[in-house]
Amino acid sequence: MILLTDVHKIYRAGKVEVPALAGLSLTVERGEFVAVVGPSGCGKSTLLNLVAGLDRPTRGTILVDGVDLTRAPEAALSRLRRERVGMIFQFYNLLPHLTARENVALPLLLNGTPTLQIAGRVEAELEAVALLGRGDHFPHQLSGGEMQRLAIARALAPRPALLLADEPTGNLDSERGGAILDLIRRLNRTRAFTVLMATHSPEAAAVADRVIRLRDGRLEIP
Ligand SMILES: Nc1ncnc2c1ncn2[C@@H]1O[C@H](COP(=O)(O)OP(=O)(O)O)[C@@H](O)[C@H]1O
Ligand SMILES: [Mg+2]
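Rules used in this analysis
Along each chain, numbering runs from 1 in the same order as the chain's sequence is written. Lettering of chains starts at A and numbering of ligands starts at 1, both following the order in which they are written. A pLDDT threshold of at least 70 governs which residues receive local features in this predicted model, and a stricter bar of 80 or more applies before side-chain atom pairs are shown or counted, although totals over entire chains, interfaces and linings include all residues. Any residue with 12 or fewer other C-beta atoms within 10 Å of its own C-beta is exposed, any with 20 or more is buried, and the rest are partly exposed; the C-beta atoms used are placed from the backbone. Only DSSP runs of H or I reaching four residues or more are called helices, and only runs of E reaching two or more are called strands; each is numbered from the N terminus. The C-beta atom of each residue is placed using the backbone, and any residue whose C-beta lies within 6 Å of a molecule or strand is treated as near it. For this scheme, ten residues count as nonpolar: Ala, Val, Leu, Ile, Met, Phe, Trp, Tyr, Cys and Pro. Four count as charged, namely Asp, Glu, Lys and Arg, and the remainder, Gly too, count as polar. The term nonpolar core refers to a set of buried Ala, Val, Leu, Ile, Met, Phe, Trp, Tyr and Cys residues connected through C-beta atoms within 7 Å. Strands were regarded as paired on the criterion that DSSP finds at least two bridges between them. A fitted line through C-alpha atoms represents every axis, and for helices the fit uses only the stretch in contact; the resulting angles, taken between N-to-C directions, go from 0 to 180 degrees. Oblique is the label for every angle not falling under 35 degrees (roughly parallel), over 145 degrees (roughly antiparallel), or within 65 to 115 degrees (roughly perpendicular). Here is the rule for handedness: rotate from the far helix to the near one, and if that takes an anticlockwise turn smaller than a right angle the crossing is left-handed, while a clockwise turn gives right-handed. Working definition of a contact: two residues with C-beta atoms, positioned from the backbone, lying within 7 Å.

Engineer: In this structure, what is going on with helix H1 (residues 44-51)? I would like to understand it.
Structural biologist: Quick reminder: α-helices carry 3.6 residues per turn. Residues three or four places apart thus point the same way. Most of H1 sits inside the fold, with 6 of its 8 residues counted as buried. Those residues of H1 that fall on the buried side of the exposure criterion are Lys44, Thr46, Leu47, Leu48, Leu50 and Val51. Gly53 sits one or two residues past H1 and shows a positive phi near 75°.

Structure (structure tokens):
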């Protein structure tokens, strides 16, 4: 599902070069739930952004769902993001002026889902995250846990093959965070999409099938 080979990412800020990933190789199987852990600044978000096709590596190759992200034209990357990859974040990144229902509908409008199917799909996704009664609420009218559940519904509405989660419990207390992890784990099992989750929480990493440790942009040798 995901294959990284000797991936380097160097950010340039003025004259300063920051090596965020320094020769990372990694394989994630289809359906697997993998947690990426490591201290702040070790390259977790950089890794997720590269796998999402939001940015390109400085060196090395990345294959996601059969697409070579290092060679694919920009249009192929945006298509991959629209159709095959869902993303969730620590601060939810919901659109504040859209209702819960509209937030979930948006990726379906963008990926060409037939209009007649959209309303039904939106209700099904809201139901899957136990937010059916919140469809007309705006994000600011939801709790943190509800906002993250809405973000999950939005990410999964296009039925992606891969869910990327960047510190999904980072802004939640341990009870709400635990509920979000259980939800992601359950949907990963029932719908069989792959999960790559960055976290620095040991409780979060514990729900994964496998844990990968990063340090200074490399795999940490145990
Ligand atoms: N856009 C950017 N420009 C310059 N440096 C960056 C940029 N994004 C991240 N970095 C640097 O790259 C390193 C890895 O960052 P990041 O991937 O965000 O780590 P993590 O998510 O593990 O905290 C850090 O040193 C960070 O400061
Ligand atoms: Mg990060």
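We are not done yet, so read on.
Engineer: Would you mind showing me how to read unusual backbone geometry here?
Structural biologist: Glycine aside, negative phi is the norm for most residues, and most peptide bonds take the trans geometry. Its identity as a non-glycine residue notwithstanding, Tyr92 has a phi of 70°, on the positive side. Among the secondary structure elements, Tyr92 is positioned in the loop between strand S6 (85-89) and helix H3 (100-110). Unusually for a residue other than glycine, Glu167 sits at a positive phi of about 50°. With respect to the helices and strands, the residue Glu167 is situated in the loop between strand S7 (162-166) and helix H6 (174-191). Residue classification places Glu167 among the buried residues on the basis of 21 C-beta atoms within 10 Å.

Engineer: What should I look at first to understand the site of ligand 1 in this one?
Structural biologist: Around ligand 1, the neighbouring residues are Tyr11, Ala13, Val18, Ala20, Gly38, Ser40, Gly41, Cys42, Gly43, Lys44, Ser45 and Thr46. If you list the elements that add at least two residues to the shell around ligand 1, you get strand S1 (2-13), strand S2 (16-28) and H1. Per-element tally for the shell around ligand 1: the top contributor is H1, with 3 residues. Per-class residue counts for the shell around ligand 1 are 5 nonpolar, 6 polar and 1 charged.

Engineer: What is the right way to read the nonpolar core from this model?
Structural biologist: As a rule of thumb, nonpolar side chains are buried together in soluble globular proteins. Within the largest apolar cluster, 62 residues are counted, with the highest numbers of intra-cluster contacts made by Val36, Val51, Leu164 and Leu196. It is helix H5 (residues 144-156) that contributes the most residues to this core, 7 residues altogether.

Engineer: Explanation requested: the sheet that holds strand S4 (residues 59-64) in the structure shown.
Structural biologist: In sheet architecture, strand pairing relies on hydrogen bonds along the backbone and comes in two forms, parallel and antiparallel. Pairing in this open sheet of 4 strands is antiparallel, and the strands run S2-S1-S4-S5 from one edge to the other. The two strands at the open ends of the sheet, each matched to only one other strand, are S2 and strand S5 (67-68). Across 5 bridges, S1 lies against S4 in antiparallel orientation. Counterpart to Leu4 in the pairing with S4 is Ile62.

Engineer: What's the story with the packing of H3 against helix H4 (residues 115-128) in this structure? I'm lost.
Structural biologist: Packed helices, taken two at a time, are described by the angle between their axes plus the distance between the axes. Between H3 and H4, the shortest axis-to-axis distance is 9 Å and the interhelical angle comes to 125°. Relative to H4, H3 is oriented oblique. The chirality of how H3 crosses H4 is right-handed. Residues Ala100, Arg101, Val104, Ala105, Leu108 and Leu109 of H3 form the contact with H4, whose participating residues are Ile118, Arg121, Val122, Glu125 and Leu126. For the contact of H3 with H4, the per-class residue count stands at 8 nonpolar, no polar and 3 charged.

Engineer: Can you help me understand the pairing of S7 in this one?
Structural biologist: Regular strands place side chains that alternate from one sheet face to the opposite one. Extensive coverage of S7 is indicated by the burial of 5 of its 5 residues. By the alternation rule, side chains of S7 split into Leu162, Leu164 and Asp166 and Leu163 and Ala165, which are all buried. Relative to S7, S6 is paired through 5 bridges, and the arrangement is parallel. Across the sheet, residue Met87 finds its bridge partner in S7, namely Leu164. Taken together, the 5 bridges between S7 and strand S8 (residues 194-199) define a ladder with parallel strand orientation. Within S8, the residue paired with Asp166 across the bridge is Ala198.

Engineer: Teacher, can you tell me more about the sheet that holds S7 here?
Structural biologist: Read from one edge to the other, the open sheet built from 6 strands follows the order S6-S7-S8-S3-S9-S10, with strand pairing classed as mixed. Two strands in the sheet have a free side with no partner beyond their single neighbour: S6 and strand S10 (218-219). Strand direction decides the pairing type here: strand S3 (residues 33-37) and S8, joined by 5 bridges, are parallel. Following the sheet pairing, Ala35 is matched in S8 by Met197.

None of the figures reported here should be taken as evidence of function without further support.
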